[in-house]
Amino acid sequence: MYAEIRDKPSFANIHVKLQPGDQIIAEADAMACMSSSVEMDTQWSGGVVQGILKRVFGGESMFVNTFSTKTGGDLVLTQPFPGDMQCIDLNGNTMFLQPGAFVACEPGVKLGLGWAGIKMFIAREGLFRLKVSGTGRVWFGAYGGIFQKEIDGEFVVDSGHLVAYEPTIGIRIGLAGGIFSSFFSGEGLVTRVNGPGRIYMQSRSFDGLAAWTNAHLG
Amino acid sequence: MSNPAEKWPIIMWRVILPLGESAFQGRRGFFLRCALPGPERPTLPQTGRLDAVFRPLPTTHREACILVAWYGTAWWDAMNKQFSGGVLSDQLGNGRAGAEIVLTAAGVSARVPDGRSFDIPYRECRVEIGGYNGRMVFCRDSIRTLTIFCDDRKFPGELATASSGRLDEQLGDALKRVRSQSRRGTLIGVVSLAAILVLIVGGYFGVRYGAQAAVHSLPISVDRQLGKTAFSSMDLGGPEVTDKVVVAAIQKMVDQLKPQAAIEGFDFEIHVVDSEELNAFCLPGGVIVVYTGLISGAENPDQVAAVIGHEMSHATLRHGLERTSQSLGVWAAVSLLIGDSTGLIAGGADLFQVAVVNSYSREQEDAADKEGVRMLHAAGIDPSSMAKFFAIMEQEHGDAPKLFAWISTHPQHTDRIASVTATVDALPDRQYTPLDIDWQEVQSKAKDVQKTTKGDR
Amino acid sequence: MQYEFLSRPAMTAAKLTLDAGESITCEVGAMIAMSRGFTVETTSRNKGGSGGFVKGLKRMFAGENFFLNHFTATNHAQSLIIGPAMLGDIIHYPMTGGTLVVQGSSWLASSSGVEIDATFQGIGKALFSGEGIFWVKCSGTGDLMLNSFGAIHCVEVNGEYVVDSGHIVAFEDTLEFHLGKAGKSLIGSFLGGEGLVCKFSGQGKLYFQSHNPPSFGKLLGPKLKPH
């Protein structure tokens, strides 16, 4: 199945060329346009209960759409906010995605909901996180540009800027500096990640946009 | 039956079996599984390695068999258990892959989906614990190019068993570090939660009582400003009376009471307003307004003095400011704490224009009653006139619908009259001199003013 | 008229160079900068299409007027830089006598030879998605500038093609369209988030954008304080 991420990094979208027998699973409302020969089938994401949990806590849609075709066709998948997308190829390993980051995956990938803990909630990463595992490609995106880093040791990420990370990464919340410098530097709480593993970060945060917009309203 | 311990070489009992024993702590369950039925069921000792050297040897054949079986199968279990985890290695396509981990006799072996295997022998293995849940075990080779990890709960235990104690020290250290970190984390969590609760509860009460205390530490000038601002923007309900007789009479009452005020040197400003309303009030800072209706309604000047004394008490006890800070709530507390009272004055002035706020709380009224009685007593005016006045008002004007009626802003309850009477009775005896005011003249002058005002309208 | 695109692909602005007498019609508010040698005139057209709320951002425009600025160059080689309000791309479409139906918020500018009709009901049943879209029918000859929220891509439809309604930028009117379900069942379509989609059939060019403002608004809207 041919899939290419176009128009990175500002308006990333996936251009998929489906052959008979190919399947791609995408979150609801991800489809921008498709050939009429492509069929869309809607299912609960991981079952009714999981689906609802994912919507309420995980920021993901309750439903996922499976696209398939009998004669071949094109499909364009996108995300609601402008930003970058990334594709990772799972080889039996697992990845944690922040709520709202998931876009699409191949059928061999399993989507599960995991409890992220209060720590992650404080780090503005959500109470739950999406766990993708299995084999196949996964596409995820974020508001802003996405860049990755291999970590071995400690690293600091601003809260709200972590998109995806491996389970081998240990996460702690800390103050940016001392108590005073944390407040006055405008950074406040930061996420301290500990390797080994890989993390994906976004160059902008949606909360940052909302805050900026609010500051300019009324 | 011969002693089996003698049959089998001593090295078996003293060296080989104990080698794995330390890792078998907690495998009591296995014993239950393989226990042979019978009355004598030997209990296997769960002790440290050293102990095994001194443990008595099995004495019966059965004991010996159980012991061997027990150790053997436990070891075999650990040997062939499969765990699901992952591998981080530069040799893999993406640098990482999921893997099935098997603990062999020699080391940790991980098999990735494409078939390749990665091994770390125990003697080269460096163990760390971490990961997203704090329980993931990382086995790294000595040059840190290969990492095999697993977050299965049973993995640390099985690893300890399979490595025959070689990794015990590392595992122990790592676990200790993780546990102390998580304990620290829990401690910080609990302490922060407790601190937040204390702040919220303490803050609430602190603000309430702090505000009270802060109010009283403000200088009188704040009260004065509040009162003046309120007065200047207030609609008094009638023209101010300038008749000398009337004003002088009120002034005399005030002058007599003033020395007895709770605060020395408190300045009172008198305004007599012509209105049929039977009312009088005192704004914070000592601005007193008396309506001619009150003058007409009172039987004698002592009663008017009692009312004025009550109102003066509100000012000297600073009830107005207390009320304002209560109404303005937390914001007032903050400004009081910071020391910026200008906002308080502005807000308070607004509030005081509404008659509704001119009602003080029950406690404040009681306090004003008592203080008023004290002042009257100290000034030599008969304090029982207060109770008498209350009674008259209730009797004759109890049903006064007028919004500004004194009675409506000072709801009378029989117990209030009773409490005032009790306070009066408790006072030491002294001679009371009635006020030296020609009350009839004052009342007639007041009536004249009222008529004139009526005529003007 | 010459044109040049600056700062592609996300913050595109169009720099137009006009000769004396040439004129261009732009959406009000599109002008970023211009030389002195222009006369500007504002007219309005009636907007057709459905009223409704732009979801998420909660703005209603029912029966509003569509205001246009006409810039006429009075001198030689005057330049005018225009751009849309939102981030996105701009493309140039050469009008050669055919008709292009453009989504209202995607129409940026057109030269004088192009006729603009904003009362085109088009897919009036867009009421279903309540997005308050209106359509501008462009015909004649000249240059047409279209903007998008997202990247613009062109599809040469030959047969049938399905597009999610918020993603349509423009289509040639040789294409027929109708609203349809995205999935197999109506409920599935709504639950799947797509709702009703536009199905195009026939032969012609179709321009779509990779992102749509209502979805973005739905995400950002709740985070904004009420005002």
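Provided above is the structure to which this section pertains.
All values reported here derive from a predicted model rather than from experimental measurement.

Enquirer: Looking at this structure, I do not really get the packing of helix 4 (residues 206-215) of chain A against helix 2 (residues 213-220) of chain C. What am I missing?
Expert: In a packed pair of helices, the relevant descriptors are the angle between the two axes and the axis-to-axis distance. Helix 2 of chain C packs onto helix 4 of chain A with a crossing angle of 80° between their chain directions and a minimal axis gap of 11 Å. Put simply, helix 4 of chain A runs roughly perpendicular to helix 2 of chain C. Taking contact as the criterion, the partners of Phe206, Leu209 and Ala210 of chain A in helix 4 of chain A are, on helix 2 of chain C, Phe216, Leu219 and Leu220 of chain C.

Enquirer: Mind showing me how you'd approach the interface of chain B and chain A here?
Expert: Think of interface size as the accessible area that goes away when the parts come together; that is how it is often given. Listed as interface residues are 14 residues of chain B and, on the opposing side, 17 residues of chain A. Together chain B and chain A conceal approximately 1,300 Å² of surface at their shared face, both sides included; 48% is due to carbon and sulfur atoms. Considering only the surface of chain B that becomes buried against chain A, Asn94, Arg96 and Tyr132 of chain B emerge as the three largest contributors, covering 46% of it. For the pair chain B and chain A, the number of links is four salt bridges. The salt bridge involving aspartate 152 of chain A is made with arginine 144 of chain B; its shortest N-O contact spans 3.6 Å.

Enquirer: Even after reading the chapter, I still don't get the side chain of serine 111 of chain C, so can you show me in this structure?
Expert: Residues and elements named next belong to chain C. Checked against the element boundaries, serine 111 lands in strand 11 (residues 107-111). A distance of 2.8 Å separates a polar atom in the side chain of serine 111 from the backbone nitrogen of aspartate 143. Leave out the neighbours within four places in its chain, and serine 111 touches Ser23, Ile24, Gly142 and Asp143.

Enquirer: I keep staring at the environment of glutamate 277 of chain B and nothing clicks. Help me out?
Expert: Along the chain, glutamate 277 of chain B falls in the loop between strand 8 (269-273) and strand 9 (280-283). With relative accessibility at 18%, the residue glutamate 277 of chain B sits in the buried group.

Enquirer: I keep staring at the sheet that holds strand 4 (residues 31-34) of chain C and nothing clicks. Help me out?
Expert: Pairing between sheet strands relies on hydrogen bonds along the backbone, with the strands arranged either parallel or antiparallel. Residue and element names in this part refer to chain C. The antiparallel open sheet is built from four strands, whose spatial order is 1-2-9-4. Of all the strands in the sheet, just strand 1 (2-6) and strand 4 have a single pairing partner and so form its edges. Here the strands of the sheet are splayed against their neighbours by 20° on average, with no regard to which way each runs. Two elements, strand 2 (residues 13-18) and strand 9 (residues 78-82), share five bridges in a ladder whose sense is antiparallel. If you follow leucine 16 over to strand 9, its bridge partner there is leucine 80.

Parameters and conventions
Residues numbered from 1 in each chain as written. Chains lettered and ligands numbered in written order. Predicted model: local features only at pLDDT ≥ 70, side-chain atom pairs only at ≥ 80, totals over all residues. Heavy atoms only, no water. Axes fitted to C-alpha atoms, helices over the stretch in contact; angles between N-to-C directions. Helix = DSSP H or I, 4+ residues; strand = E, 2+ residues; numbered from the N terminus. Parallel < 35°, antiparallel > 145°, perpendicular 65-115°, else oblique. Contact = heavy atoms within 4.5 Å. Buried area = accessible area lost by both parts, 1.4 Å probe. Salt bridge = Lys/Arg side-chain N within 4 Å of Asp/Glu carboxyl O. Polar contact = N/O pair within 3.5 Å; in protein donor to acceptor, adjacent residues only side chain to side chain. Buried < 20%, exposed > 50% of the residue type's maximum accessible area, 1.4 Å probe, protein only. Pairing = 2+ DSSP bridges.

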